[in-house]
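The lines below spell out each chain.
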Amino acid sequence: MSDIIELPRKSGGPVAEPERLNLAVAGMTCASCVGHVEKAIAKLPGVSGVSVNLATERADVTFTGASDPHSVVQAIERAGYAVPEADVEIGVAGMTCASCVGHVEMALSKVPGVITATVNLATEKASIRYRSSIASLDDLEAAISGAGYEPRRIEGDGASTDQDASAREQELDSLRRSLFLAATLALPVFVLEMGSHLIPAVHDFVMGTIGMQASWLIQFVLTTLVLFGPGLRFFQKGIPAILRGTPDMNSLVTLGTSAAWGYSLVATFAPGVLPPGTANVYYEAAAVIVALILLGRYLEAKAKGRTSEAIKRLVGLQAKTARVVRDGTALEVALADVRTGDIVQVRPGERVPVDGEVVDGSSWVDESMITGEPVPVAKTAGAAVVGGTINKTGAFTFRATKVGADTVLAQIIRMVEQAQGSKLPIQAMVDKVTAWFVPAVMGIAGLTFMIWLFFGPDPALTFALVNAVAVLIIACPCAMGLATPTSIMVGTGRAAELGVLFRKGEALQTLRDVTVVALDKTGTLTKGRPELTDLEPAAGFGSEEVLALVASVESQSEHPIAEAIVAAAAARGLDVSSPATFEAIPGYGVSAKVGGREVQVGADRFMIRLGHDVSAFAAKASELGAMGRSPLYAAIDGKLAAVIAVADPVKETTPEAIRALHDLGLKVAIITGDNQATADAVARTLGIDEVVGEVLPDGKVDAINRLRAGGRKVAFVGDGINDAPALAEADVGLAIGTGTDVAIESADVVLMSGDLRGVVNAIALSKATIRNIQQNLFWAFGYNAALIPVAAGALYPLNGTLLSPVFAAGAMALSSVFVLSNALRLKTFRPVIAANKGKEGEAA
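Residues numbered from 1 in each chain as written. Predicted model: local features only at pLDDT ≥ 70, side-chain atom pairs only at ≥ 80, totals over all residues. Heavy atoms only, no water.

Let's shift gears to the overall build of the chain. Regarding its fold elements, the chain presents 30 helices and 29 strands. Expressed as a percentage of its 844 residues, the buried residues of the chain come to 51%. At a minimum sequence separation of 6, the contacts of the chain that also span at least 24 residues come to 68%. With an accessible surface of roughly 37,000 Å², the chain has 58% of that area assigned to carbon and sulfur atoms. (Helix = DSSP H or I, 4+ residues; strand = E, 2+ residues; numbered from the N terminus. Buried < 20%, exposed > 50% of the residue type's maximum accessible area, 1.4 Å probe, protein only. Contact = heavy atoms within 4.5 Å. Areas by Shrake-Rupley, 256 points an atom, 1.4 Å probe, with all protein chains shown as cover.)

Shown next as structure tokens:
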């Protein structure tokens, strides 16, 4: 048998076992990268060995003692590489108040590798960003379990919504049963005790039949059944939370009801232990408190379910099946089985199952769920269709281009869920208060008990107990925890119904503080495509004759102005032919022969060069210039024939939207690459306050910073593609969506309607939501600030007023219901400018 040689250890106790850390490293491309990473990690104190593998892109680090993942990650990032991050949502069951939220967030933030953890009481979800090579999903769930709550995996592809709905329904059923049982058992206790105090006839009946002692015994049995039956849920959560040093609402209820029940127990079975005159029972307080808090929980759960109705409606827009053509046969398949490239048939009245492009047939499609516009849109071969929209009259076949999580509707649902789960800056103040609120309440209750015990009137012990219990029950922070997230859920859900998608929840608060709305001109103020706006023929020429000839000349050009003229001729059904000859004169215009006639089109200097006098059109040219339109001239067979203007016309809804922005007290600016004169003309026409013209695409960021002068907050509205840097730089970036371009990463808010009315409604809804949150917080904090002193007995020396623990429980339950009911008022928000007033109602 070989000897086991033990290495000598330093004095001072056993040497800690070395730990190893294996993590992914992104960005390495060669052996030099491996050397850089190894060298950076090796310099860290406590690292005894490091090995980096380029093929697996992982680093294996050995420590002399405990591992330090944070330092390793910092070293890798300083070396110019990255440790991959992941985002995950985990359902959290068992949370009841703002303290629970804080406890779960604290537990998650302590897990090595977790970067941020945000917990939402209303959605009952934790949103976590973490380094997946350091922390695992199991680690995150273990942290939630260790904090005393139940983690719940959230499945993808819409299953999580059904899972949440099922869990909420089960919780509602459980609360309904518990409430019924608690109320049934508590009612006789309340009648026996309070009836005897308030109604002499009841007192006489009880004393003359069963007697006081038997009455107390009946109350003891019924109250015990309440506490350890339907009320057991409070003890199961509250006691472990106290033992962990993280008390919550359940802890307050547990302490309050236990104190009332325990005191009554002593008064019933060992009255001699208590000072003379203090042997009273408070069974009714313990029993009724449990029943009232369960009532509050039940009403709260019902209201919570209503806050997520917007998501349910969006999910309900998805088709369940699709008719897919495979091997020449149309098959009815589940939506999840549709693949990119599949040929899908849509019949009249059916929902379009996924996004795609029409290949055959034609119809009218109701796209109001995407754009908010009530008028159906014509669809023919080559047109894009969006999943969830409704086919009206005809039938068509389309090729699937986006399926599953890539469809527009799936992206909308994801955006709304992310916004609903986010925290606003205003929540930071709430979190700071709730972090110490419950321990502070317990301290106040203890202080209340001691003051009444030593300085209160006889029976001092009774007064001390009743007032301390009232403080514990009245101060539950449920309303504080629900004040912000419920308003966010309802507000962002209502916004989605109006075609406004908040990609980032913080934008909901920031948008309220905006003072300047900066608009990109092309595609935002205007339609984004030139159109023929004016054609005034000279004497002897007809407008259709001139347009047909000019369009024939311009058909040889791909310039946007030429395309607009050709499109105008086609819209009027005019015959556009190819010119026999065509010559472009740089800086002047074009000359061509069409059907044996000489035609020249160009600027005024071209006409003057040809010897034509343009003064006859001077008034018209001046009028066009004032509107920001540049006039063109046409000459036919050696004579000046017409003045023409092509411009990017302002959208019909733009003037109304700008007036509404002014009505909201906002300044409006435009940022455009057009020359200053044209931009000024557009601004004068629309009543825009500030103009930043002749801006190159990369200069829009500087323009936004100039508009910020004086501490103003700027919202920028653009098309979400060309304006990405400006959207990202602005305090709030709002992207005008087109229904098929939803995932605009640089924007904070996406406007599905495609016009500026969405901006007005987004700002108005932001103001309404933040106002609603402020009302909720005022109630939640003001309620506690006002009633904790009353519960402690502050009014007793003045007018003899004391707050019964029973009334404290009722008031506490009422506070949460009030906050939720107030948040649900946002569901009735009416758009300031309705796309379809018959559908959405008149302006609010």
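Moving on, we come to the packing of helix H9 (residues 249-269) against helix H15 (residues 460-474). Taken N-terminus to C-terminus, the directions of H9 and H15 make an angle of 155 degrees; their axes are 8 Å apart at the nearest point. The angle between the axes of H9 and H15 places the two elements in the roughly antiparallel class. Between H9 and H15 the crossing geometry is left-handed. When H9 is examined against H15, the residues Leu252, Val253, Leu255, Gly256, Ala259, Ala260 and Tyr263 are found in contact with a partner set consisting of Leu461, Thr462, Leu465, Val469, Leu472 and Ile473. For the contact of H9 with H15, a count of residues per class yields 11 nonpolar, 2 polar and no charged. (Axes fitted to C-alpha atoms, helices over the stretch in contact; angles between N-to-C directions. Parallel < 35°, antiparallel > 145°, perpendicular 65-115°, else oblique. Left-handed = near helix turned anticlockwise from the far one by under 90°. Nonpolar A, V, L, I, M, F, W, Y, C, P; charged D, E, K, R; others polar.)

Before going further, it helps to spend a moment on the pairing of strand E18 (residues 516-520). Of all 5 residues in E18, 5 are buried, a share of seventy percent or more. The alternating pattern of E18 places Val516, Ala518 and Asp520 on one face and Val517 and Leu519 on the opposite face, and all of these are buried. Bridge count for E18 against strand E25 (residues 667-671) is 5 bridges, and the pairing is parallel. In the strand pairing of E25, Val517 is matched with Val668. Here E18 runs beside strand E27 (residues 714-718); their pairing, made up of 4 bridges, is parallel. (Pairing = 2+ DSSP bridges.)

Here the UniProt feature "transmembrane region" (unreviewed entry) sits at residues 178-199, 205-228, 249-269, 281-299, 433-455, 461-484, 777-796 and 802-820. As annotated, residues 249-269 comprises 100% helix and 0% strand, and the C-alpha atoms at either end are separated by 30 Å. End-to-end, the C-alpha atoms of residues 281-299 are 30 Å apart, and along that stretch the chain is 89% helix and 0% strand. (UniProt positions renumbered as here; feature names shortened; annotations may be inferred.)

What follows is about helix H3 (residues 98-109). Here H3 contains 12 residues, and its C-alpha end-to-end distance of 17 Å stays within 8% of the 16 Å for a straight helix at 1.5 Å per residue. For H3, a buried count of 9 out of 12 residues is recorded, marking the element as mostly surrounded by other parts of the structure. Three or more residues of H3 are buried, namely Ala98, Ser99, Cys100, Val101, His103, Val104, Glu105, Ala107 and Leu108. (Expected span 1.5 Å × (residues − 1).)

Moving on to the nonpolar core. One broad trend across soluble globular proteins is that nonpolar side chains are buried collectively. Counting 144 residues, the largest nonpolar core has Met95, Leu108, Ile128, Leu140, Leu511, Val517 and Leu734 as its most contacted members. Looking at which element gives the most residues to this core, the answer is helix H27 (residues 757-792), with 16 residues. Residues in contact with Val517, not counting those within four places in the same chain, are Leu661, Leu666, Lys667, Val668, Ala669, Ala715, Val717, Val759 and Ile763. Within the second largest apolar cluster, 40 residues are counted, among which are Val594, Phe606, Phe617 and Ile636. (Core = buried A, V, L, I, M, F, W, Y, C linked by side-chain atoms within 4.5 Å.)

A word on unusual backbone geometry. Outside of glycine, negative phi angles account for most residues, and trans bonds account for most peptide bonds. The omega torsion across Asp458 and Pro459 is -5 degrees, close enough to zero to call that bond cis. Note on placement: Pro459 falls in the loop between helix H14 (427-455) and H15. Positive phi is not limited to glycine here, since Asp637 has a value of about 55 degrees. Mapping Asp637 onto the fold places it in the loop between strand E23 (631-636) and strand E24 (639-647). In this structure Asp637 comes out as partly exposed when scored by relative accessible area, which is 40%.

On to the sheet that holds strand E13 (residues 377-379). The 3 strands lie next to each other as E13-E12-E15, forming an open sheet whose pairing is antiparallel. Unpaired on one side and paired on the other, E13 and strand E15 (390-391) mark the two borders of the sheet. In the sheet, strand E12 (residues 363-366) pairs with E13 via 3 bridges, with the strands oriented antiparallel. The residue bridging Trp364 from the neighbouring strand is Ala378, located in E13.

Looking at chain direction, strand E11 (residues 355-361) and strand E16 (residues 396-402) are connected through 6 bridges and run antiparallel. Opposite Val358, over in E16, you have Phe398 as the bridge partner. Here 2 bridges tie E11 to strand E14 (residues 384-385), and the two strands are oriented antiparallel to one another. Bridge assignment links Glu357 to a residue of E14, and that residue is Ala384.

Looking now at the sheet that holds E11. The 6 strands are arranged E9-E8-E10-E16-E11-E14 in an open sheet whose pairing can be described as antiparallel. Unpaired on one side and paired on the other, strand E9 (329-334) and E14 mark the two borders of the sheet. Relative to E16, strand E10 (residues 343-346) runs antiparallel, the two sharing 4 bridges. Among the inter-strand pairings, Val346 is bridged to a residue of E16, identified as Phe396.

Let's shift gears to a nonpolar patch on the surface. On the surface, a nonpolar cluster with roughly 580 Å² of combined accessible area is contributed by Leu447, Met450, Ile451, Phe454 and Phe455. Looking at the element boundaries, Phe455 is found in helix H14. (Patch = residues over 30% accessible without salt bridge, like charges linked within 9 Å, V, L, I, M, F, W, Y side chains within 5 Å. Salt bridge = Lys/Arg side-chain N within 4 Å of Asp/Glu carboxyl O.)

Here we take up the environment of Tyr130. With respect to the helices and strands, Tyr130 occurs in strand E6 (residues 125-130). Considered as a pair, Tyr130 and Ala117 are 13 residues apart in the sequence and their alpha carbons are 8.5 Å apart. Tyr130 has contacts with Pro84, Glu85, Ala86, Val88, Gly113, Val114, Ile115, Ala135 and Leu140, leaving out every residue within four places of it along the chain.

Once that is clear, we can look at the environment of Ala679. Looking at the element boundaries, Ala679 is found in helix H24 (residues 676-686). Note on Ala679: relative accessible area 0%, which makes it buried. Once the C-alpha coordinates of Ala679 and Met627 are considered, the two residues, 52 residues apart in sequence, prove to be 9.4 Å apart. Apart from residues lying up to four places away in sequence, Ala679 is in contact with Ile670, Thr672 and Val691.

Our focus in this paragraph is the environment of Arg78. Tracing the backbone shows Arg78 in helix H2 (residues 69-78). Judged by its relative accessible area of 61%, Arg78 falls in the exposed class. Separated by 41 residues in the primary sequence, Arg78 and Val37 place their C-alpha atoms 9.4 Å from one another.

With that settled, consider the side chain of Thr653. If you trace the backbone, Thr653 turns up in the loop between E24 and helix H23 (654-663). Those residues within four positions of Thr653 in sequence are excluded, and the remaining contacts are Asp755 and Arg757.

A separate point is H24. When H24 is considered as a whole, its buried residues turn out to be Thr678, Ala679, Ala681, Val682, Ala683 and Leu686. In this structure, the buried side of H24 is in contact with helix H18 (521-525), helix H22 (618-626), H23, E25 and strand E26 (690-692). One or two steps after H24, the chain reaches Gly687, where phi turns positive at roughly 75 degrees.

The next point concerns the packing of helix H7 (residues 211-227) against H9. Two numbers describe a pair of packed helices, the interaxial angle and the distance between the axes. Axis separation between H7 and H9 bottoms out at 11 Å; the angle between their running directions is 150 degrees. It follows that H7 is roughly antiparallel to H9 by the angle criterion. As for how H7 packs across H9, the hand of that crossing is left-handed. Residues Gln213, Trp216, Leu217, Phe220, Thr223, Thr224 and Leu227 of H7 form the contact with H9, whose participating residues are Thr257, Trp261, Leu265, Ala267, Thr268 and Phe269. Grouping the constituent residues of the contact of H7 with H9 by class yields 8 nonpolar, 5 polar and no charged.

With 89% of its residues at a pLDDT of 70 or more, the chain has an overall mean of 81. Segment residues 1-15: pLDDT under 50, and 2 contacts once partners within four positions in sequence are set aside and those in other chains are kept. Counting contacts from residues 836-844, a segment whose pLDDT is below 50, to residues more than four positions away or on other chains yields 19 contacts. (pLDDT = per-residue confidence, 0-100.)

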